[in-house]
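Structural overview for review
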Amino acid sequence: MSSNVDAIVVGGGQSGLAAAHHLTHAGLQATVLEAGPEPVGSWPHYYDSLTLFSPARYSSLPGRPFPGDPDHYPDRDEVVEYLRDYATHLSADIRTDIRVTTATPDSTGFAVHTDTGEVFTAPLLIAATGGFGNPHRPDLPGRDRFVGTVMHAADYRTPARFADHHVVVVGAGNSAVQIAVELAETAATVTLAARRPPKVVAQQAFGRDIHYWFTRTGLDTAPVGRFVERPPTVPIFDTGHYKSALAAGRPAVRPMFTGLDTESAHWPDGTTTPVQTVITATGYRPDLGWLTGLGALTTDGAPRHREGLSTTHPGLGYLGLEWQRSLSSASLRGVGRDAARLVTRLARTPVSVRGSAEWPGTSGSRLGRR
Ligand SMILES: Cc1cc2nc3c(=O)[nH]c(=O)nc-3n(C[C@H](O)[C@H](O)[C@H](O)COP(=O)(O)OP(=O)(O)OC[C@H]3O[C@@H](n4cnc5c(N)ncnc54)[C@H](O)[C@@H]3O)c2cc1C
């Protein structure tokens, strides 16, 4: 079976829903294809204690404010509920339990093939598949000798199963610190191992949440994303809890271990400590394998784009990438802005070139650098 619409959005998380909002407001017929059972993105899979780092007033998608006290910090399940409700107010056709396997060029623009056997065609295609399905798992020295558990933060839910364990959390970002501090309350020892120490900044400055200042100063929206070659260390927003836990050594912070052994880790200062579990909180990469056949990605699977607009295929766009356009691109508060801009630009793509493999006259230009 095959259906044709104006735009196909792959991924029904916050990015896909924000895209659907702007597509339908532009008068375009949009179909959202979501692999999971509900259009709520990866949020149900994040760890149980997750609380947003931005207050509700800075955590909304276009057209629907986040409910509740605007100054409260919503928890994971509130975000799931918000997205579930948001999706019911969209006039796009949202299909769940359908996974896109590949995309190919088609006379209309793009043909999107799915695991149900259905094929969808459209002149416009938006990739909003996030990164949760593609956790970055670094090579750990001595991993082959280590007999304990190595897992990614993507698989961490609660501290319960690690009570009395010796745990090393690898990473220096928000997830690494949150998980390590949480584990330190019940585990025997917890060490946070990172190449750079975590950068903890106060959640409040001059009586206001830090996101107020990001907005007021324009830091949140400054279009500097295309100049960011390597994303800087993400600061950890803190009401004081993390700072005091780190100062108390729960968790201990150490430079990255030099190697693992059967049941231990060796550290740069020559010491050795017991380890049963290593949790790598080392981030995610864009989960875009379904676009490989189209030739839209670099050899290491990254999208070739400029501010979300494909530099290889007119009519193709991306949403929810880190630093896609600005600091806030891969967040609840920022993705709506990027979606509005992307939809406007995609809708301007000349019909004659949609889906074709190359923008006229751009081959070899710096547009293809990412
Ligand atoms: C632990 C953690 C904490 C975070 N905390 C915050 C926070 O406090 N505030 C904030 O603003 N941001 C936060 N983020 C960042 C970001 O907002 C979230 O990662 C968010 O889930 C990204 O939304 P998304 O729609 O881009 O991707 P996702 O939520 O990952 O949604 C992508 C969707 O695409 C679907 N999909 C994937 N492949 C296919 C396919 N081939 N076919 C069909 N469907 C497919 C998936 O099932 C999924 O539903 C956090 C991220 C993480 C990992």
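Residues numbered from 1 in each chain as written. Predicted model: local features only at pLDDT ≥ 70, side-chain atom pairs only at ≥ 80, totals over all residues. Heavy atoms only, no water.

Annotation of the protein at the domain level lists domain 1 (2–134 + 284–353) and domain 2 (149–199 + 235–280). Listed by partner, the interface residues are eleven residues for domain 1 and twelve residues for domain 2. Between domain 1 and domain 2 the total buried area reaches about 900 Å² when both faces are included, carbon and sulfur atoms providing 48% of it. Taken together, the links from domain 1 to domain 2 amount to one salt bridge. Asp48 serves as the salt-bridge partner of Arg157, at 3.4 Å between the closest nitrogen and oxygen. On inspection of domain 1 and its partner domain 2, the count reaches four residue pairs in polar contact (both at pLDDT 80 or more). Its residues assigned to classes, the side of domain 1 that touches domain 2 shows seven nonpolar, two polar and two charged. (Domains from an automatic or database assignment. Contact = heavy atoms within 4.5 Å. Buried area = accessible area lost by both parts, 1.4 Å probe. Salt bridge = Lys/Arg side-chain N within 4 Å of Asp/Glu carboxyl O. Polar contact = N/O pair within 3.5 Å; in protein donor to acceptor, adjacent residues only side chain to side chain. Nonpolar A, V, L, I, M, F, W, Y, C, P; charged D, E, K, R; others polar.)

It is worth spelling out the nonpolar core at this point. Membership of the largest hydrophobic core comes to 58 residues, with the highest contact counts inside it found for Leu83, Ile126, Val169, Leu183 and Ile279. Looking at which domains feed residues into this core, each of domain 1 (2–134 + 284–353) and domain 2 (149–199 + 235–280) supplies at least three. Residues in contact with Ile126, not counting those within four places in the same chain, are Ile8, Val9, Val10, Ala19, Leu23, Gly317, Leu319, Leu342, Val343 and Leu346. (Core = buried A, V, L, I, M, F, W, Y, C linked by side-chain atoms within 4.5 Å. Buried < 20%, exposed > 50% of the residue type's maximum accessible area, 1.4 Å probe, protein only.)

Spatially, E17-E18-E19 is the arrangement adopted by the three strands of the open sheet, whose pairing is antiparallel. Taken across any chain shown, the strands that pair with only one partner, and hence form the sheet edges, are strand E17 (259–260) and strand E19 (272–274). Pairing geometry for E17 and strand E18 (residues 264–266), over two bridges, is antiparallel. Each bridged residue has a counterpart across the sheet, and for Gly259 the counterpart in E18 is His266. (Pairing = 2+ DSSP bridges. Helix = DSSP H or I, 4+ residues; strand = E, 2+ residues; numbered from the N terminus.)

A few words now on the packing of aromatic side chains. Within this structure, the stated rule accounts for twelve aromatic pairs. For the ring pair Trp43 and Tyr46, a centre distance of 5.0 Å and an interplane angle of 70° mean the geometry is edge-to-face. Taking relative accessible area as the criterion, Trp43 reaches 11% and is therefore assigned buried. By relative accessible area, which is 25% here, Tyr46 ends up partly exposed. Feature note: the residues Trp43, Tyr46, Phe132 and Tyr284 constitute an aromatic cluster, connected by ring pairs. Stacked on the ring of Tyr212, the Lys or Arg Arg208 has its end atom at 4.1 Å from the ring centre. (Phe/Tyr/Trp six-rings, centres within 6.5 Å; stacked < 30°, edge-to-face > 60°. Lys NZ or Arg CZ within 6 Å of the ring centre and 35° of its normal.)

Before going further, it helps to spend a moment on the sheet that holds strand E16 (residues 252–255). Strand order across the open sheet formed by five strands is E9-E20-E10-E11-E16, with parallel pairing between neighbours. Whereas interior strands pair on both sides, the edge strands pair on one side only; in this sheet they are strand E9 (149–152) and E16. Within this sheet the neighbouring strands show an average axis-to-axis angle of 25°, counted without direction. Here strand E10 (residues 166–170) pairs with strand E20 (residues 277–280) via four bridges, running parallel. Its bridge partner lying in E20, Val169 is registered against Ile279. (Axes fitted to C-alpha atoms, helices over the stretch in contact; angles between N-to-C directions.)

Between its first and last C-alpha, helix H6 (residues 332–347) extends 23 Å over 16 residues, near the 22 Å set by a 1.5 Å rise per residue. In this structure, the buried side of H6 is in contact with helix H1 (14–25), helix H2 (76–88), strand E8 (124–127), helix H4 (210–217), strand E22 (309–310) and strand E23 (316–318). (Expected span 1.5 Å × (residues − 1).)

This part is about the pattern of salt bridges. By the definition in use, this model includes 15 salt bridges. The residue Asp220 makes a salt bridge to Arg337 at a minimum N-O spacing of 3.8 Å. Of the two residues, Asp220 sits in the loop between H4 and strand E15 (236–238) while Arg337 sits in helix H6, which places them 117 residues apart along the sequence. Judged by its relative accessible area of 4%, Asp220 is buried.

By the bridge criterion, four bridges tie strand E6 (residues 109–114) to strand E7 (residues 119–122) in an arrangement that is antiparallel. Bridging from a neighbouring strand, His113 pairs with Val119 of E7. Connecting the antiparallel pair E6 and E7 is a turn made up of four residues, with Gly117 showing a positive phi of about 95°.

This next bit is on the side chain of Thr31. Looking at where Thr31 falls in the secondary structure, it is placed in strand E3 (residues 30–33). The exposure class assigned to Thr31 is buried, which follows from its relative accessible area of 2%.

Okay, the packing of H1 against H2 next. When two helices pack together, their arrangement is given by the angle between their axes and by how far apart the axes lie. As a packed pair, H1 and H2 sit with axes 11 Å apart at the nearest point and diverge in direction by 25°. The angle between H1 and H2 falls in the class roughly parallel. Once H1 is placed against H2, the crossing between them reads as left-handed. Contacts between H1 and H2 involve Gln14, Leu17 and His21 from the former and Leu83, Tyr86 and Ala87 from the latter. (Parallel < 35°, antiparallel > 145°, perpendicular 65-115°, else oblique. Left-handed = near helix turned anticlockwise from the far one by under 90°.)

Our next topic: the environment of Gly218. Structurally, Gly218 can be placed in the loop between H4 and E15. Judged by relative accessible area, Gly218 falls into the partly exposed class, the value being 23%. For the pair formed by Gly218 and His152, sequence separation is 66 residues and the distance between their alpha carbons is 34 Å.

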